Amino acid sequence: MTEAKKEIVLSGIRSTGNLHLGNYFGALRKFVAIQDDYDCNFFVADLHALTTNPDPRELHANVKNIVAEYLAAGIDPDKATIFVQSDVPEVAEMYLLLNMHVGIGELMRTVSFKDKARKALGLGSNEAENDDDFAKEIVGRDTGKRVNAGLLTYPTLMAVDILIQKATKVPVGKDQLQHLELTRRFARRFNAFYGVDLLPEPYDFDFGGQPIKVPGLDGSGKMGKSEGNCIYLIDEPKALRKKVMRAVTDEGPQEPNSPMSEPVANLFTLLELTSTPDVVAHFREAYADCSIRYGDLKKQLAEDILNITTPIRERINDIMADEDYLRRVLARGAERARERASKTLAEVREVMGIRKF
Ligand code: ADP
Ligand code: TRP
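This one's a predicted model, so the numbers in the text were calculated from it and none came from an experiment. (Residues numbered from 1 in each chain as written. Chains lettered and ligands numbered in written order. Predicted model: local features only at pLDDT ≥ 70, side-chain atom pairs only at ≥ 80, totals over all residues. Heavy atoms only, no water.)

**A few points about the site of ligand 1**
Thought 1: In the neighbourhood of ligand 1, 13 residues make up the surrounding shell, with His20, Asn23, Val214, Met223 and Lys225 lying closest.
Thought 2: Note that an oxygen atom of ligand 1 is positioned 2.9 Å from one of the side-chain N or O atoms of asparagine 23.
Thought 3: Against a free-state accessible area of 530 Å², the protein chains account for coverage of 86% of ligand 1.
Thought 4: Residue classes in the shell around ligand 1 are distributed as four nonpolar, six polar and three charged. (Near = heavy atom within 4 Å. Polar contact = N/O pair within 3.5 Å; in protein donor to acceptor, adjacent residues only side chain to side chain. Areas by Shrake-Rupley, 256 points an atom, 1.4 Å probe, with all protein chains shown as cover. Nonpolar A, V, L, I, M, F, W, Y, C, P; charged D, E, K, R; others polar.)

Rendered as structure tokens:
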């Protein structure tokens with residue numbers, strides 16, 4: 001009897017910096033947990049990173065960092081396919097082909113495009129608020145501060161990443177759900193236009209339970225690369241302890257059982273993710289009876305975070321030093337990713353009428 005075909009899972013991370021605790025708890029740790037049960041594909045989206053025109057040396061270094069971090073966090077290249085987006089040239093060709101069925105208007109209306117375009121143009125939050133004014137700002141500028149076309153077609157490229165592998169389960173953060181919705185729309189449109197059933201519609205991967213939001217150390221919001229409030233997996237113990245000790249708190253509970261301010265609640269969220277239940281209970285009681293000393297809480301938190309990150313950091317360093325190993329992993333990953341990609345691309349070319357005479 002043949003083994004039932006595993007569903008295809010695919011996810012990518014842009015190579016724009018090192019991975020942090022948010023990426024670890026929100027994504028990596030979950031990827032590791034599902035790699036036995038699904039046909040998993042994890043890649044580094046270096047072409048997507050190009051949309052914000054990074055320094056070439058930094059981009060190159062970041063690709064290596066992320067691959068090492070994937071591996072160090074426990075993604076097993078014998079189980080999952082790990083690859084770099086630009087190692088699959090079929091993606092670039094299908095991106096060109098799919099763009100023929102994508103509307104400029106629908107791309108311009110995506111939230112992530114608006115955010116990035118506004119940033120590129122240096123628009124304040126009260127400038128060009130409505131769609132007409134926003135469009136005028138973009139059309140009016142072709143030199144200096146401009147919005148590059150790659151930024152506009154970012155969702156096409158992401159749709160191709162997914163569709164070319166025929167992935168149906170795509171674990172992404174909330175901010176990427178709109179891109180996933182567009183991917184489904186593009187797939188339906190393509191299939192309908194050519195009267196084929198070629199590109200399957202992908203959905204968000206539901207891990208079950210509450211989605212995790214790892215907060216930053218600056219008092220509010222989530223931990224994120226662009227927020228500058230991250231604890232990185234690669235942080236050395238000294239730097240990590242310093243970051244945690246500097247976390248924002250408040251003047252402390254003034255009376256028993258007072259409600260918690262957001263910065264303090266955030267520290268408890270981090271503690272819950274990294275400590276044992278009895279440690280969490282101890283500090284909760286101390287908060288409730290006003291005996292808590294935030295310094296003690298932070299010291300404990302730093303050590304508990306280090307318990308998780310230290311083995312990962314050590315593996316990252318080992319892997320980074322072993323370029324042969326990295327090259328082997330990526331060569332194998334590229335080969336596997338290209339196998340499926342070239343098959344899909346051939347089918348797409350065929351139905352679009354691009355074929356040999
Ligand atoms: P960043 O916000 O730092 O740019 P990305 O958007 O590249 O991170 O996120 C990559 C993955 O990590 C996504 O799946 C996202 O859901 C997850 N992730 C990022 N930050 C957090 C966070 N603070 N809490 C939970 N998950 C997160
Ligand atoms: N756009 C995603 C992000 O910024 C990264 C990404 C690119 C991706 N292609 C993908 C995620 C395909 C999932 C599937 O996080």
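More follows now that the structure is in view.
**Section: the domain arrangement of the protein**
Thought 1: For the protein, the assigned domains are domain 1 (8-102 + 153-212 + 323-351) and domain 2 (235-318).
Thought 2: Relative placement of domain 1 and domain 2: their C-alpha centres are 34 Å apart.
Thought 3: Between domain 1 and domain 2, the contact holds eight residues from the first and nine residues from the second.
Thought 4: Between domain 1 and domain 2, the buried area comes to about 700 Å², and carbon and sulfur atoms account for 83% of it. (Domains from an automatic or database assignment. Contact = heavy atoms within 4.5 Å. Buried area = accessible area lost by both parts, 1.4 Å probe.)

**Topic: helix H6 (residues 111-121)**
Thought 1: Looking only at H6, the buried set comprises Ser112, Phe113, Ala117, Arg118 and Leu121.
Thought 2: Contact partners of the buried residues in H6: helix H5 (104-108), helix H7 (131-140), helix H8 (149-152) and helix H10 (177-194).
Thought 3: One or two positions beyond H6, positive phi appears at glycine 122, with a value near 70 degrees. (Buried < 20%, exposed > 50% of the residue type's maximum accessible area, 1.4 Å probe, protein only. Helix = DSSP H or I, 4+ residues; strand = E, 2+ residues; numbered from the N terminus.)

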